[in-house]
Amino acid sequence: MMQTENLVMHIPNRPKLDALNWQIEAGQSWGVLGPNGAGKTTLLLTLAGLKAPRSGRVLLANQAITGYTMPQRAQKLGLVFQQQQDDFPATVLATALMGRHPYLRSWQTESQADLELAQHALAQMELTELESRSIQTLSGGERQRLALAVLLTQNPDLLLLDEPTNHLDLHHQMAVLEILHQQVQAGKSAVMALHDLNLAARFCSHILLLYPDGQACWGEKNTMLQLPALEKLYRQRLITTQIAGQTLFFPYSSIG
Amino acid sequence: MQLYRLPHLLGLMAFALLVILLGVLLGSVNLPINAIYSVLTGQGSPLHNTLILDLRLPRVLAAFATGGLLATAGALMQVLLRNPLADPYVLGLSGGAAVAALLAMLAGLGVFWVSSAAFGGALFSTFLVFGLAYGSGQSSATRLLLTGVVVASGWGALISFLLATSQAHQLPGMLYWLMGDLSHAPSPVIPWLVLLAVLVLLIPLGRTLNVLARGALQAAALGVSVKKVELMIFGLAALLTAIAVTVAGSIGFVGLIVPHLMRMVFGYDQRILLPASALAGGSLLVLADTLARIVIAPQQLPVGVITAMLGVPVFLLLLYRSNR
């Protein structure tokens, strides 16, 4: 699906960054873990071709990402950002329909099939009832789900997600990650920046760790989610416990 | 999908025609409606012929085109800068035009040269702002806006300087130009051609502009070549504004308020919003100019005064009602 060749991200004032030779296959869901400012968002933007790397290159379906036209690229990969802009009002449905933009020629308008895709995505994100509301009236969690609905409407093969569970309540965290899991099972790939180790352990098949000093390592979930590595990653003591065969991680604190 | 808005748009078009008709009939001398018919069929009296074909119709058409140009440019600027407070002049365009036009007036040049100077000044200011904002390699809507606002302040200071140092007998003409005035408007052919050409050019860009309003990164993620599109909007908006300024001086308010009015009525979709803004902006300016001609006839007011007097209460009323 996607490959990086000696990829070094462009992060100002960070001279020592590991080169990434990374393979993302169909059916894999990658969790990108790292402390604040480690470069998770920059990594996603670089993979999406929206930010030029310092060196190396990104291959999408064996072709350099820079070789695609913008609409072609947007048909193959989609991105959900941490924040959404809404200086101008638009309805929830019209916003979801924007996911079809890369598929439509400039003179075309959205077809009935496009409308159905958008409505299906809104239903998956439990937003059907808000369809005709203005996006400016939505809560933080509703906005986040709408951004995911845009991605589902866009329906790319590779899903890049910057903290997809941001602002979501517990039920919607599960609902969203389960839908992403289904998408990956159906042959897509996902790369998501996450802060919750337990969600990463449950919903990701692979993990990439981004250290603040520029080191990176990646591999299967079980080899990566090891206590020493994670404690070094976050500079935070962790405690683990086993429940129903699953390892759970908790940050240690001297209080409580 | 937005076709259900079409009747509204047709209604707006009918309103525009009505306003144009009113503009032709009303003035220091009011004409009966059959005067138009007889003039158009070649049976009008010489007085009516001159009044309609040589005086009022060109002026009304110039007013309509100017309003349409400004409102379209405003709608484009608001998307480009992702800022609902943007207007066609926000990037210092009218300031550059004004300084050049005032200098031409001070030099005692005629109407043609004043207009040409205004056009040149507007383009100069456009390139200046664009070069400063994008030249450093980094570009963002905020940077462009900030550069434009600061350059505009610079032009403002130059305008004040020119006004303060010029002779008393030159002041009225200069002030009229600054407030926007259609009494010296040149032939409306070029403004109309440009307005129509740009609107046709914008039709296939409408959906892209909708996506761009969601932010540059989101638009890029959805397959928009952001830089290319932004450059094109910037160029088109600058051209529209430069021509409007050339025709009528700097008429405030139309470019800022009309897109907002249209958003309240038609929703945000640029595919409807841009033609609607052009129609409404044109109608507003024709109405305002008609009033400017008759309120204290036979004297005329600068049209910019009337646009605000008409537009402010209408806008506030709609805003008040939409918040309930």
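Above this text is the structure in question.
All values reported here derive from a predicted model rather than from experimental measurement.

### Side note on the overall build of chain A
Moving on, step 1. Along the backbone of chain A there are nine helices and twelve strands.
Moving on, step 2. Across the 256 residues of chain A, 40% fall into the buried class.
Moving on, step 3. Intrachain contacts of chain A at a sequence separation of at least 6 include 67% that bridge at least 24 residues.

### A few points about the interface of chain A and chain B
Moving on, step 1. Across the contact, 24 residues belong to chain A and 22 residues belong to chain B.
Moving on, step 2. Elements with a minimum of two residues in the side of chain A that touches chain B: α2 (70-76) and β6 (77-80) of chain A.
Moving on, step 3. In terms of residue count, α2 of chain A provides more of the side of chain A that touches chain B than any other element does, four residues in total.
Moving on, step 4. Here the side of chain A that touches chain B is built from residues that sort into 15 nonpolar, six polar and three charged.

### Description of the sheet that holds strand β1 (residues 2-8) of chain A
Moving on, step 1. The four strands lie next to each other as β2-β1-β4-β5 (chain A), forming an open sheet whose pairing is antiparallel. Among the strands making up the open sheet, the edge pair consists of β2 (23-24) and β5 (63-64) of chain A.

### Topic: unusual backbone geometry
All names here are of chain A.
Moving on, step 1. Here Arg235, not a glycine, exhibits a phi torsion of approximately 50°, which is positive.
Moving on, step 2. By secondary structure assignment, the location of Arg235 is in the loop between α9 (227-234) and β11 (238-243).
Moving on, step 3. With a phi angle near 50°, Ala244 is a residue other than glycine that sits in the positive phi range.
Moving on, step 4. Residue placement: Ala244 occurs in the loop between β11 and β12 (246-251).

### Re the environment of Thr95 of chain A
Residue and element names in this part refer to chain A.
Moving on, step 1. You can see Thr95 is positioned in helix α3 (residues 92-97).
Moving on, step 2. Look at Thr95 and you get buried, because 29 C-beta atoms sit within 10 Å.
Moving on, step 3. Taking C-alpha positions, Thr95 is 9.5 Å from Glu131, a pair spaced 36 residues apart along the chain.
Moving on, step 4. Once you skip the residues sitting within four places of it in the chain, Thr95 turns out to touch Ala90, Ile135, Leu146 and Val150.

### A few points about the sheet that holds strand β9 (residues 206-210) of chain A
All names here are of chain A.
Moving on, step 1. With mixed pairing, the six strands of this open sheet are ordered in space as β6-β7-β8-β3-β9-β10. A strand with exactly one partner marks an edge of an open sheet, and here the two such strands are β6 and β10 (216-220). Strand-to-strand twist in this sheet, taken as the mean axis angle between neighbours without regard to direction, amounts to 15°.
Moving on, step 2. Pairing analysis gives four bridges linking strand β3 (residues 29-33) to strand β8 (residues 189-193), with the strands arranged parallel. Within β8, the position partnered with Gly31 by the bridge is Met192.
Moving on, step 3. Strand contacts of helix α5 (residues 140-154): β6 and β7 (158-162), with the helix running at about 175° to β6, the strand carrying the most contacts.
Moving on, step 4. Running at roughly 145° to β8, helix α6 (residues 170-185) makes contact with β3, β7 and β8 of the sheet.

### Some points on the packing of helix α4 (residues 93-106) of chain B against helix α11 (residues 226-248) of chain B
All names here are of chain B.
Moving on, step 1. Running from N to C, α4 and α11 point in directions that differ by 35°, and their axes come no closer than 10 Å. You can see that α4 and α11 cross each other, and the crossing is right-handed. Within the contact between the two elements, α4 uses Leu93, Ser94 and Ala97 and α11 uses Ala238, Thr241, Ala242 and Val245.
Moving on, step 2. Grouping the constituent residues of the contact of α4 with α11 by class yields five nonpolar, two polar and no charged.

### Thoughts on α5 of chain A
Residues and elements named next belong to chain A.
Moving on, step 1. The end-to-end C-alpha distance of α5, which contains 15 residues, comes to 21 Å, matching closely the 21 Å that a straight helix rising 1.5 Å per residue would cover.
Moving on, step 2. Within the sequence span of α5, burial applies to Glu142, Gln144, Arg145, Leu146, Ala147, Leu148, Ala149, Val150, Leu151, Leu152, Thr153 and Gln154.
Moving on, step 3. Buried residues along α5 sit against α2, β6, α3, α4 (112-124), β7 and α6.
Moving on, step 4. Asn155, located one to two residues past α5, shows a positive phi value of around 55°.

The rules we used
Residues numbered from 1 in each chain as written. Chains lettered and ligands numbered in written order. Predicted model: local features only at pLDDT ≥ 70, side-chain atom pairs only at ≥ 80, totals over all residues. Helix = DSSP H or I, 4+ residues; strand = E, 2+ residues; numbered from the N terminus. Buried ≥ 20, exposed ≤ 12 C-beta atoms within 10 Å, placed from the backbone. Contact = placed C-beta atoms within 7 Å. Nonpolar A, V, L, I, M, F, W, Y, C, P; charged D, E, K, R; others polar. Pairing = 2+ DSSP bridges. Axes fitted to C-alpha atoms, helices over the stretch in contact; angles between N-to-C directions. Left-handed = near helix turned anticlockwise from the far one by under 90°. Expected span 1.5 Å × (residues − 1).

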